[in-house]
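Structural description and commentary
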Amino acid sequence: MDVLLKADNISGGYNNKEAVIRDVSLEVKRGDFLGIIGPNGSGKSTLLRLMTHVLIPQKGKVTLEGKDITRMNLKEFSRKAAFVPQETLINFSFKVQEIVLMGRIPHLKRLQFETKKDFLAAEDALSLTDALYLKDKEIDRLSSGERQRVIIAKALAQEPVLLFLDEPTSHLDIGHQIQILDLLKKLNQEKKLTIVIVLHDLNLVSEYCDRIVLLNEGRIFCEGTPSEVLTYQNIEAVYKTIVVVNKNPISFKPYVVLVSGNRVCRRD
Amino acid sequence: MTSSLRIKILVLFIMLAFAVVLGITKGSVNIPLLELFLAENRQILYLRLLRIFLAIIAGSGLAVSGIALQGILRNPLAEPYLLGTSSGAGLGAVIAIIMGVGSFYLPAAAFTGAILSIILVYAIAKQGNRIPAQSLILSGAIVSIVLSGIIVFFISMSTNEALHGFMWWLWGSLEVYDVRLLFMVSIVVLSGIAAIYVFSQDLNAMSIGEEEAIHLGIKTETTKKILFFITSLITASLVSISGIIGFVGLIIPHIMRFIVGPNHKVLIPCSCLAAATFMVLCDTISRTAFSPLEIPIGVITAVIGAPIFVILLKRSQGVK
């Protein structure tokens, strides 16, 4: 598997304040399903922003297929890499189809109207996310699960090779969480879409990701397969909380069990 | 283009045509449409057509500037009048007149005033690196009041006799007093509208979020700067010929979003038609309601616009 995206010793943060991410090196291989985890404020979202051209690294560089992304045309970059945020609040009542067609902007010239090809790409993306029936609805009338499927469809309409997601399921119930992650798994396996996802839920990461990066205070604490990263030693050190790591009886992947504070005290 | 959209656009055209007919036939004297073309009425027809032309230019320019600002600020309440840009332009123009600058340079002076007022409004509204929408509206209102006050001061202190009659700097008038200036202003405004239309795709992307737009390959910082520049240019040109006219850039885009949707490729042309119609009607009211007296057009747009602004403000607070 060749390297698709590479972060080479990057540091960066917001404006000229102290760097949030410090000396992070990371390789994303083609076909990866990479999870990024870490406590609040450990720099997960900042790392994604640095890797997607939203923030420019103060030090180091990010390359996509060997090219420095700061030297790439922004549209060229967004034809390769798409992004799904945690939640999208849209103040204007765009139709679902219009939102998904915006995913075609990187492929269009200024003032160029969408062609049949773009409409087809939008419909394909909507059917992949099981949201085609929402096509003519207004985006601000959808439930959060439906809205997130539409936003993912918009990202897929970009026809990217690499998809970044920043906690895409944190506002969804478990049913919708699994639905979205199953969809990502399917895209990863069938369409060879490379996925980099920030997730809060350690068990979802364990279940779906092939490789995990654990961030702590802006640096990589460790990285590897779920069973290498999700050990109680690593989790307790980074999250400062007591856990027991079992195995999921069905997938045999690590399964993190929380231990509430009271119980720890009583045991003492 | 869907057939329902075609019908809506057709209706907008018919309404504009109706407004234009109303505008040329009504006035201090009412003249039936056919008699207007008689030789003795040629002068009246010419004057009224000029006025209607200015109404169309001013309406479209104000509405499209409003749309552009609303898109880049992601706030349906943004508008050149409420952000103080219009007052800045007005002050610039009034100072230029007092200093005896020719009308040819009036738009340039207005533009300088507009840019300076934008910088001032932003400096006041800025909290760290963020500009919260509510504080932007507030600082816009403050700057607008102060600058209008200074305009009144200059007008009342001025020995320039002509300026004393120029109440319309504050409340607007579509009376054309300089055809050359009208010509110049229309070129600036029409090319400004065309330039903003070129950005309709970028505006679509930015109205769903600034970071979203970056991920779609839009250079948001550059786009914002260009659009601020163009809207200031349009506002300044319009103020230098017709004074400060408020709320048009707020209510027309809002109503049109409701009717044709928020897609800027459709919204911009439809808003031009609707705003043109609205301005022609408001101007007709301003000329005829208390004839032979003429009420400033800004009074009419404010009376109609302010209640709609309140409704919008309430609704946007409800969302948060």
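Residues numbered from 1 in each chain as written. Chains lettered and ligands numbered in written order. Predicted model: local features only at pLDDT ≥ 70, side-chain atom pairs only at ≥ 80, totals over all residues.

1. Regarding the overall build of chain A
Across its full length, chain A carries ten helices and twelve strands. Taking 2.2 N^0.38 as the reference for a compact globule, 268 residues should give roughly 18 Å; the C-alpha atoms of chain A span a radius of gyration of 19 Å, in line with that estimate. For the C-alpha atoms alone, the extent of chain A along its principal axes is close to 65 × 40 × 35 Å. Out of the 268 residues belonging to chain A, those deemed buried represent 40%. The contacts of chain A with a sequence gap of at least 6 include a subset with a gap of at least 24, amounting to 63%. (Helix = DSSP H or I, 4+ residues; strand = E, 2+ residues; numbered from the N terminus. Rg over C-alpha atoms; globule rule 2.2 N^0.38 Å. Buried ≥ 20, exposed ≤ 12 C-beta atoms within 10 Å, placed from the backbone. Contact = placed C-beta atoms within 7 Å.)

2. Notes on the sheet that holds strand β5 (residues 67-68) of chain A
Residue and element names in this part refer to chain A. The strand order β2-β1-β4-β5 describes an open sheet built from four strands, whose pairing is antiparallel. Where the open sheet ends on each side, the last strands, each with one partner, are β2 (21-29) and β5. Of the pairings in the sheet, the one linking strand β1 (residues 3-12) to strand β4 (residues 59-64) comprises five bridges and is antiparallel in character. Paired with Lys6 across the bridge in β4 is Thr63. (Pairing = 2+ DSSP bridges.)

3. With respect to the UniProt feature "transmembrane region" (unreviewed entry) in chain B
Residue and element names in this part refer to chain B. Cross-referencing UniProt, the feature "transmembrane region" (unreviewed entry) maps to residues 7-25, 45-69, 81-98, 104-124, 136-159, 179-199, 226-252 and 293-313 in the present numbering. From the first C-alpha to the last, residues 7-25 spans 27 Å; its make-up is 100% helix and 0% strand. With 81% helix and 0% strand, residues 293-313 has end C-alpha atoms that lie 34 Å from one another. (UniProt positions renumbered as here; feature names shortened; annotations may be inferred.)

4. Here's the deal with the packing of helix α1 (residues 3-25) of chain B against helix α13 (residues 264-288) of chain B
Residue and element names in this part refer to chain B. Viewed as axis vectors pointing N to C, α1 and α13 meet at an angle of 25 degrees, and their least axial separation amounts to 9 Å. Considered as vectors, α1 and α13 are oriented roughly parallel to each other. In the crossing of α1 with α13, the sense of the turn from one axis to the other is left-handed. Within the contact between the two elements, α1 uses Leu5, Ile9, Leu12, Phe13, Met15, Leu16, Ala19, Val20, Leu22 and Gly23 and α13 uses Val266, Cys270, Leu273, Ala274, Ala276, Thr277, Val280, Leu281, Asp283 and Thr284. Grouping the constituent residues of the contact of α1 with α13 by class yields 16 nonpolar, three polar and one charged. (Axes fitted to C-alpha atoms, helices over the stretch in contact; angles between N-to-C directions. Parallel < 35°, antiparallel > 145°, perpendicular 65-115°, else oblique. Left-handed = near helix turned anticlockwise from the far one by under 90°. Nonpolar A, V, L, I, M, F, W, Y, C, P; charged D, E, K, R; others polar.)

5. A look at the sheet that holds strand β9 (residues 211-216) of chain A
Sheets are built from strands paired through backbone hydrogen bonds, the pairs being either parallel or antiparallel. Residue and element names in this part refer to chain A. As summarised here, the arrangement of the six strands in space is β6-β7-β8-β3-β9-β10, forming an open sheet in which the pairing is mixed. Of all strands in the sheet, those with a lone pairing partner are β6 (81-84) and β10 (219-224), marking the two edges. Strand-to-strand twist across the sheet, computed as the mean angle between neighbouring axes with direction ignored, equals 15 degrees. Alignment of strand β3 (residues 33-37) against strand β8 (residues 194-198), held across four bridges, turns out to be parallel. Bridging across to β8, Leu34 finds its partner in Val196. This element, helix α1 (residues 44-51), spans β3, β7 (162-166), β8 and β9 of the sheet and lies at about 150 degrees to β7.

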